[in-house]
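Chain by chain, the residues:
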Amino acid sequence: MPSSAASLTEAQTADLKPSKLYNADLAPVPPTERKWRVGSFAALWISMSACIPTYMLASSLIGGGMNWWQAILTIFLGNLIVLIPMVLNAHAGTKYGIPFPVYCRASFGTVGANVPALLRAFVACGWFGIQTWIGGNAIYKILAVFWPTLAEGRASLLGITPVQLLCFLFFWGINMLVVYKGIDCIRWLLNIKAPLLIVLGLLLLYWAYRNAGGFGPILSQPSAFAEGQPKAGQFFQFFFPALTGMIGFWATLSLNIPDFSRYAVSQRDQVVGQALGLPLTMALYSFIGVAVTSATTIIYGQTIWDPVDVLTRFRNPLLLVVALLGLCIATLATNIAANVVSPANDFAHLAPRRISFRMGGLLTGIVGVLMMPWKLVADPNGYIFVWLIAYSALLGPIGGILIADYFVCRRRELNLAALYHADGEYRFTDGFSIVALIALLVGALPSLPGFLVQVKALDASSIGSFLNGLYSYAWFIGFALAFVAYIIGRKLVR
């Protein structure tokens, strides 16, 4: 048994089984079943990080005007920062074997825990939609190689062509089929997924090197923020919101990391494994995206930040089909692992006795379609300034509250059995922690005016530059304000 682990006795487990807050998926993982070591966590993050959104993340910074080293440094710093709440929130999962929604009960209440769980699930739905769009778009590009007339269709009211919509829904249906059958059938895909994308990325890197005349022309591309360039003197106006966006990229996992760390053998395993697997892999794999995107500027005279669009420029149909099918397989594996398992648990937390994993997965898929993900990734500015930063404004405060409660207020001590009792010490006020909900609002509200400006619901001149500027620091401000507000609130109500 891991020395740092806490667990329920057989009598406690038997007593909790009738509880409406308990089911097999939400129950603590017994110490004897916690088998993840350093290598498991490193492999998890290597697999998660080697994905198309990582490529697009790096490429979008180039599209925004950064040069290669500015983009890589921004990504590395963002992932180094988000690693801190990642490791801290993972502690409770490792010690108590509990998933994210149960962890939230200690700070938000047994019913109030649904608030952070659903906010996190909503973001996962968006990521599910983005990954599904990437896979569906790859299928569309494959078909267009053999039937070029498919690419000539007119966009519908949704903003995409009917054929694109059909390909998207087809790939969505494959995802839903996997959810229906269970995730066991995806395990072999996860094992080959990371190597598959890394090989594909390295091939793209070789293509960029060869066709751009070596790395010299690629890496010498000037920053648009340099003196004499179109955006001279505007670097920090782009850097800080971009850094916030990089943090927002994994802000979801920094919250629900207990869903994975609950299987860790020890705290050292989860800390070292995550530190080795996340920042370096993100930086290294994103370099491929940066280099290839920079090369497209040299080769084609325009910046192409979507790897699917880059692949469609290849002349060999067989090579194109193999590459895009590889993207589909890897995207399917990532989608199920990263964007279905956790929100399925979050939705199940609403009614543990009624909502199953399958139903939670179906809800994830439906919401993911309704969010029209093709609009989220339509351009670099929308991807970073609307999607990534906007949800970091919500998830940052949640992270601040969880860490303040667990490390400052409770000194890492939880009553494990009480987390599953509807009338226990975590009931607070009718199941809701008023302190946590107020702290969440305190953390999130300062970023609201800037968000409304970004989505063009408000004019920037109507709110002033100070309020508008807060949005660029949404995760930092939200985390800090909620952290302090929660601690003060807890002291006042005692």
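Small disclaimer: the values here were computed from a predicted structure and weren't measured.

So, on to empty space enclosed by the protein. Counting across every chain of the model gives 3 cavities of 30 Å³ or more. Of the pockets and cavities examined, the largest cavity occupies roughly 140 Å³. Looking at the largest cavity, it is lined by 14 residues, and the ones nearest its centre are Trp127, Phe249, Trp250, Ala338 and Asn339. Put simply, the parts of the chain that give the lining of the largest cavity at least two residues each are helix H6 (114-146), helix H11 (251-256) and helix H16 (317-339). If one sorts the elements of the lining of the largest cavity by residue count, H6 sits on top with 4 residues.

The next point concerns unusual backbone geometry. Despite not being glycine, arginine 411 has its phi angle at roughly 50 degrees, a positive value. Take arginine 411: it is sitting in the loop between helix H20 (380-409) and helix H21 (434-444). One non-glycine residue, phenylalanine 428, lies in positive phi territory at about 55 degrees. Tracing the backbone shows phenylalanine 428 in the loop between H20 and H21.

Let's shift gears to the packing of aromatic side chains. Applying the stated criterion across every chain yields a total of 27 aromatic pairs. With 5.7 Å between their ring centres and 75 degrees between their planes, phenylalanine 225 and phenylalanine 235 make a pair best called edge-to-face. Highlighted residues: phenylalanine 225 in the loop between helix H9 (215-219) and helix H10 (235-249) and phenylalanine 235 in helix H10, separated in sequence by 10 residues. The exposure class of phenylalanine 225 is buried, given its relative accessible area of 8%. A ring pair is formed by phenylalanine 235 and phenylalanine 239, whose centres lie 5.5 Å apart and whose planes are at 20 degrees; its orientation type is stacked. Of this pair, phenylalanine 235 and phenylalanine 239 both sit in helix H10, 4 residues apart, roughly one helical turn. Residue phenylalanine 239 is classed as buried on the basis of its relative accessible area of 11%. Every member of this aromatic cluster is reached through a ring pair, and the members are Phe225, Phe235, Phe236, Phe238, Phe239, Phe240 and Tyr473.

For an α-helix, 3.6 residues make a turn, and residues three or four places apart therefore share a direction. The first and last C-alpha atoms of H16 sit 31 Å apart over 23 residues, in line with the 33 Å expected at 1.5 Å per residue. The element H16 is extensively covered by neighbouring structure, given that 17 of its 23 residues are classed as buried.

Procedures and definitions
Residues numbered from 1 in each chain as written. Predicted model: local features only at pLDDT ≥ 70, side-chain atom pairs only at ≥ 80, totals over all residues. Heavy atoms only, no water. 1 Å grid on protein atoms, 1.4 Å probe; cavity = no way out; pocket = protein on both sides within 12 Å on 5 of 7 lines; lining within 4 Å. Points joined across faces, edges and corners; volume = space filled by probe spheres on them. Helix = DSSP H or I, 4+ residues; strand = E, 2+ residues; numbered from the N terminus. Phe/Tyr/Trp six-rings, centres within 6.5 Å; stacked < 30°, edge-to-face > 60°. Buried < 20%, exposed > 50% of the residue type's maximum accessible area, 1.4 Å probe, protein only. Expected span 1.5 Å × (residues − 1).

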